[in-house]
Amino acid sequence: QVQLVESGGGLVQAGGSLRLACVASGRAFSAYNMAWFRQAPGKEREFVLGFTWDRRTDYADSVKGRFTISRDNAKNTVYLQMNSLKPEDTAVYYCAVDRTNAYGSRNGDDYDYWGQGTQVTVSS
């Protein structure tokens, strides 16, 4: 069992920045693939970015150049730095853990555990 706790969401003006954090329980954090997803009202959940156990990153086109993912294995934490935020970034952001796959995935069904989500609202 892995528990994930996100923090750092809030309200920000367009062009601003936020940093989300996701702390995971468990001793094997360094072996997990981690990812951030988001879901806006009335829309399907979408992949945002991922960071595999072997430190490869994957970014959705919509956030390239603006968002950065990083992880601190000593703290069991993955971070999402969001810069140049746009109103269309407004969503609930979720971190997720994939314990079993050798490669990262953009498919939410490949992830075993999810956080409770944190709301990010970007005003225009």
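Below, the structure is looked at part by part. Note that the structure is predicted; figures quoted are calculated from it, not measured.

**Digging into the overall build of the chain**
A tally of regular secondary structure across the chain gives 0 helices and 11 strands. The order of α-helices and β-strands along the chain, N terminus first, is β-β-β-β-β-β-β-β-β-β-β. Rg of the C-alpha trace for the chain: 13 Å, near the compact-globule value of 14 Å for 124 residues, within the 12% margin. Its C-alpha atoms give the chain principal-axis dimensions of about 40 × 25 × 25 Å. Split into buried and exposed, the 124 residues of the chain put 44% on the buried side. Residue pairs at least 24 apart in sequence account for 58% of intrachain contacts in the chain once pairs closer than 6 positions are excluded. Total accessible area on the chain is roughly 6400 Å²; 45% of this is exposed by carbon and sulfur atoms. Charged side chains in the chain number 14 positive and 13 negative. The centres of these two groups are separated by 6 Å.

**A few points about unusual backbone geometry**
We note that R55 has phi near 70 degrees; this positive angle belongs to a residue other than glycine. Checked against the element boundaries, R55 lands in the loop between β5 (46–51) and β6 (57–59). Classification of R55 as partly exposed rests on a relative accessible area of 49%.

**A word on the environment of I69**
Note that I69 resides in strand β7 (residues 67–72). Classification of I69 by relative accessible area gives buried; the value is 4%. Along the backbone, I69 and R99 are 30 residues apart, and their C-alpha atoms lie at a distance of 18 Å. Setting aside its immediate chain neighbours within four residues, I69 contacts W36, L49, G50, F51, T57, Y59, V78 and Y79.

**Details of the pattern of salt bridges**
A complete count under the given rule lists 7 salt bridges for this structure. As a salt-bridge pair, R56 and D54 come within 3.0 Å of each other at their nearest N and O atoms. Linked by salt bridges that have partners in common, R38, E46, R66 and D89 make up one network.

**As for the state of the cysteines**
Following the criterion strictly, the structure yields 1 disulfide and no others. Each disulfide pairs two cysteine sulfurs, and for C22 the partner residue is C95, the sulfurs being separated by 1.9 Å. One disulfide, between C22 and C95, carries an S-S torsion of 50 degrees and so falls in the right-handed class. On the criterion of sequence distance, the pair formed by C22 in strand β3 (residues 18–24) and C95 in strand β9 (residues 91–98) is long-range, its members being 73 residues apart. One exposure class covers both C22 and C95, and it is buried.

How each quantity is defined
Residues numbered from 1 in each chain as written. Predicted model: local features only at pLDDT ≥ 70, side-chain atom pairs only at ≥ 80, totals over all residues. Heavy atoms only, no water. Helix = DSSP H or I, 4+ residues; strand = E, 2+ residues; numbered from the N terminus. Rg over C-alpha atoms; globule rule 2.2 N^0.38 Å. Buried < 20%, exposed > 50% of the residue type's maximum accessible area, 1.4 Å probe, protein only. Contact = heavy atoms within 4.5 Å. Areas by Shrake-Rupley, 256 points an atom, 1.4 Å probe, with all protein chains shown as cover. Lys, Arg positive; Asp, Glu negative; His and termini not counted. Charge placed at Lys NZ, Arg CZ, Asp CG, Glu CD. Salt bridge = Lys/Arg side-chain N within 4 Å of Asp/Glu carboxyl O. Disulfide = S-S within 2.5 Å.

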